[in-house]
Amino acid sequence: MGTLFPAFGFLPALGGETFSLEPFKALMAKPGILQSIWLSFSTAIVTTMIALSIVALFVAGWSRSKIFKTMQHLVSPLLSIPHAAAAFGLAFLIAPSGWLMRLISPMFTGFIRPPDVLILQDSNGLVMMLGLIIKEIPFLLLITLAAMPQVQGDAYSKISSSMGYGRISGFIYTTWPKLYGQIRLAVYAVIAYASSVVDVAIILGPSSPAPLAVRLLGWMSDPELSFRFEASAGALLQLLVTLSALLFWLGFEKIAAALVAHSRNQGLRWQKDVILRYFGLSGMVFVIFAITTGLIILAIWSVAGFWSFPNALPNALTLKHWIKALPVLKEPFINAITIAGLATLFAIAITLACLEREARFNKGGKRTTGTKAQSLLYLPLLVPQVGFVFGLQLMFIHLSLDATWFALVFVHLIFVLPYVFLSLADPWRAWDTRYGLIAFGLGASANRMLWRIRLPMLLRAICTAAAVGFAASLGQYLPTILIGAGRISTITTEAVALASGGNRRLIGVYAFLQMLLPFIGFSIAAIIPAILHRNRKDLKVNT
């Protein structure tokens, strides 16, 4: 409502006393607005289509192989890296003066200075799409792997191969329809995020014009308060763009399903699928190479001395950039870990309360997949942030709570809770209830069983969910910059703010630290259960 009313001109605090369409007229009169809309829409579709295709081809062509297991172990840690850190790493890798160009110059290119070529922030947003693709592939892959046991993919694969179908065609005909039904929500979340992304768009996307969400942030942060009306109208337009992308994808789903059904009914076995198999594998290898190498380059830049083009490595290494940045980093660092820690703690508490209530009041002892009310928790993943964060900002201003810790933790909780619930719900519901029945038979109360049996046995899942929530909070840019009103900074907001500058060494310090914090969170999540369960062999992780 806080977004809807100003979008139609009603905001008495700024002189809007009546409803009108003037904000929409002013919005559509902005130069380049149609191109901004197209950038947001096309980014959502292209990013999702390529990322999902690579994941599907890789899983179809390489599951049950040693390569598959190796790639799975290599891709999993990449999920914890924030989008902004990955975007900076990619920028340092492929820029005209980036490491790849340095590696082949001047031997293969003849360049002794960076070429005058527009790679980053190209007008079509291709590099921005690439940055989103390499970050969404690990997410979609891990969601797909989690859903695989529920669709009996191995059994279908053996049957289809025995009937002469290729690995990919057999997978697409038999396993993929059921598997896609399990991961559809994650795919929609990728579409919603890609259509309204801000931090990656600022780092890698075009600026003239920028994608719609970036322009909305500029208008909402403008000292000229009258732009709030246009920004609110733009937020509704962003919501419409995301909805259009989702509707387009629904149509694409039906067309793709019809084509697959036609191919299957014609008996096409597509046995010669080597090219497609290696395309999926190449996509995975590129993702691992791009993110890992980019982060290494970030680390090198953070300690680089003089480093002229086309040298592949700096002439010297120094810690003076870290020493110089540490006093400035102290406040954003404390803010980041405190806000993320509190938001994650509240999210874990709410999730455990919901799941325990579900378990206690679940009649018949049947395993459930949650209630319709719980599905509302996932709305923040499907609705563009700018669609409602603007309204929340107005609400907190009205309550005199803007730029407060309470407001920031609350807003982060909105985005952390879905990730925590999504991570913890399945392990909680899959827990063997016979342990609880034994405890009840020995006279234990429901509370005692929870604290002494269920929570210790699910400690690893709880810690993992907490690490996921912590990483999700650390990566929040738009809610932090709007609700914090620029007065409460974090590592992420400071890193993105440096994107427009040319100090790669300082960017390397902030981006590397932004990457390091989630890694520390996941490391702690692995260490705590290992220490507490060191004398319980059945609770140890099998290696």
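Analysis parameters
Residues numbered from 1 in each chain as written. Predicted model: local features only at pLDDT ≥ 70, side-chain atom pairs only at ≥ 80, totals over all residues. Heavy atoms only, no water. Helix = DSSP H or I, 4+ residues; strand = E, 2+ residues; numbered from the N terminus. Rg over C-alpha atoms; globule rule 2.2 N^0.38 Å. Buried < 20%, exposed > 50% of the residue type's maximum accessible area, 1.4 Å probe, protein only. Areas by Shrake-Rupley, 256 points an atom, 1.4 Å probe, with all protein chains shown as cover. Lys, Arg positive; Asp, Glu negative; His and termini not counted. Charge placed at Lys NZ, Arg CZ, Asp CG, Glu CD. Contact = heavy atoms within 4.5 Å. Disulfide = S-S within 2.5 Å. Patch = residues over 30% accessible without salt bridge, like charges linked within 9 Å, V, L, I, M, F, W, Y side chains within 5 Å. Salt bridge = Lys/Arg side-chain N within 4 Å of Asp/Glu carboxyl O. Expected span 1.5 Å × (residues − 1). pLDDT = per-residue confidence, 0-100. Phe/Tyr/Trp six-rings, centres within 6.5 Å; stacked < 30°, edge-to-face > 60°. Lys NZ or Arg CZ within 6 Å of the ring centre and 35° of its normal. Polar contact = N/O pair within 3.5 Å; in protein donor to acceptor, adjacent residues only side chain to side chain. Axes fitted to C-alpha atoms, helices over the stretch in contact; angles between N-to-C directions. Left-handed = near helix turned anticlockwise from the far one by under 90°. Nonpolar A, V, L, I, M, F, W, Y, C, P; charged D, E, K, R; others polar.

Q: Quick one: what's the story with the overall build of the chain, residue by residue and with numbers?
A: Per the secondary structure count, the chain includes 24 helices and zero strands. At 25 Å, the chain has a C-alpha radius of gyration in line with the 24 Å of a compact globule built from 543 residues. Its C-alpha atoms give the chain principal-axis dimensions of about 65 × 60 × 55 Å. Across the 543 residues that make up the chain, the buried fraction comes to 50%. When the accessible surface of the chain is summed, it comes to about 26,100 Å², and 67% of that surface belongs to carbon and sulfur atoms. Computed over 41 positive and 20 negative side-chain charges, the separation of the two mean positions in the chain equals 14 Å.

Q: I'd like to hear about the side chain of Thr293, residue by residue, with values.
A: Along the chain, the position of Thr293 falls in helix H13 (residues 274-302). Contacts of Thr293, omitting those with residues within four sequence positions, involve Leu93, Trp99 and Ile288.

Q: Explain the state of the cysteines residue by residue, including any values.
A: Counted under the stated rule, the structure contains zero disulfides. Between Cys354, a free cysteine, and Cys463, which holds the nearest cysteine sulfur, the sulfur-to-sulfur gap is 19 Å. Look at Cys354 and you get partly exposed, because its relative accessible area is 28%.

Q: Which residues make up a nonpolar patch on the surface, and what values go with them?
A: There is a patch of nonpolar side chains on the surface, built from Leu100, Leu103, Ile104, Met107, Phe108, Phe286 and Phe289 and spanning about 710 Å² of accessible area. At the level of elements, helix H6 (99-104) and H13 are the ones that each hand at least two residues to the nonpolar patch. Looking at the secondary structure, you find Phe108 in the loop between H6 and helix H7 (126-147).

Q: A description of helix H5 (residues 83-94) should follow, citing residues and the corresponding values.
A: Given a rise of 1.5 Å per residue, 12 residues ought to cover 16 Å, and the 16 Å separating the end C-alpha atoms of H5 matches this to within 8%. Among the 12 residues of H5, 11 are classified as buried, and the element is accordingly described as predominantly covered. Every buried residue belonging to H5 is among Ala84, Ala85, Ala86, Ala87, Phe88, Gly89, Leu90, Ala91, Phe92, Leu93 and Ile94, and all of these are buried. Turning to H5, the residues buried within the fold contact H6, H7, helix H10 (199-204), H13, helix H23 (491-497) and helix H24 (504-532).

Q: Tell me about the confidence of the model for the chain, and please be specific about residues and values.
A: Mean pLDDT over the chain: 87, with 97% of residues reaching 70 or higher. In the model of the chain, helix H15 (residues 372-375) stands out as the element of lowest mean pLDDT, 71, in contrast to helix H3 (residues 33-62), which has the highest, 94.

Q: Mind laying out the pattern of salt bridges, listing which residues take part and the relevant values?
A: Taken as a whole and judged by the stated rule, the model has seven salt bridges. Between Lys30 and Glu230 there is a salt bridge, with its nearest N and O atoms 3.1 Å apart. Of the two residues, Lys30 sits in the loop between helix H2 (22-28) and H3 while Glu230 sits in helix H12 (residues 227-265), which places them 200 residues apart along the sequence. In this structure, Lys30 and Glu230 share a single accessibility class: buried. The closest approach of N and O atoms between Arg360 and Glu356, which form a salt bridge, is 2.6 Å. Of this pair, Arg360 and Glu356 are both found in helix H14 (residues 320-360), four residues apart, which corresponds to roughly one turn of the helix. For Arg360, a relative accessible area of 38% puts it in the partly exposed group. Taking the relative accessible area as the measure of exposure, Glu356 reaches 8% and is therefore buried.

Q: I'd love a proper account of the packing of aromatic side chains, names of residues and values included.
A: Going through the model one piece at a time under the given rule, you end up with 20 aromatic pairs. Taking the centre distance of 6.0 Å and the plane angle of 40 degrees together, the rings of Phe171 and Trp176 count as tilted. Both residues of the pair, Phe171 and Trp176, count as buried. Positioned above the aromatic ring of Phe361 is the side chain of Arg357, whose terminal nitrogen or guanidinium carbon lies 5.0 Å from the ring centre. The side chain of Arg504 reaches across the aromatic face of Phe92, ending 5.4 Å from its centre.

Q: Quick rundown of the side chain of Thr48? Include the residues and the values.
A: Mapped onto the elements, Thr48 comes out in helix H3. A polar side-chain atom of Thr48 sits 2.7 Å from the main-chain carbonyl oxygen of Ala44. Filtering out sequence-adjacent residues up to four positions away, Thr48 remains in contact with Val187, Val190, Ile191 and Trp249.

Q: Let's hear about the packing of H3 against H12: which residues, and what values?
A: Between H3 and H12, the shortest axis-to-axis distance is 10 Å and the interhelical angle comes to 35 degrees. As for how H3 packs across H12, the hand of that crossing is right-handed. On H12, the residues that touch Ile37, Ser40, Phe41, Ala44, Ile45, Thr48, Met49 and Leu52 of H3 are Leu237, Gln238, Val241, Ser244, Ala245, Phe248, Trp249 and Phe252. Taken together, the residues of the contact of H3 with H12 break down into 12 nonpolar, four polar and no charged.

Q: Which residues make up the environment of Val386, and what values do they have?
A: With respect to the helices and strands, Val386 occurs in helix H17 (residues 385-398). Along the sequence, Val386 and Ser196 sit 190 residues apart, while their C-alpha atoms lie 7.5 Å from each other. Among residues more than four places away in sequence, those in contact with Val386 are Ala213, Leu216, Ala235, Gln238 and Leu478.

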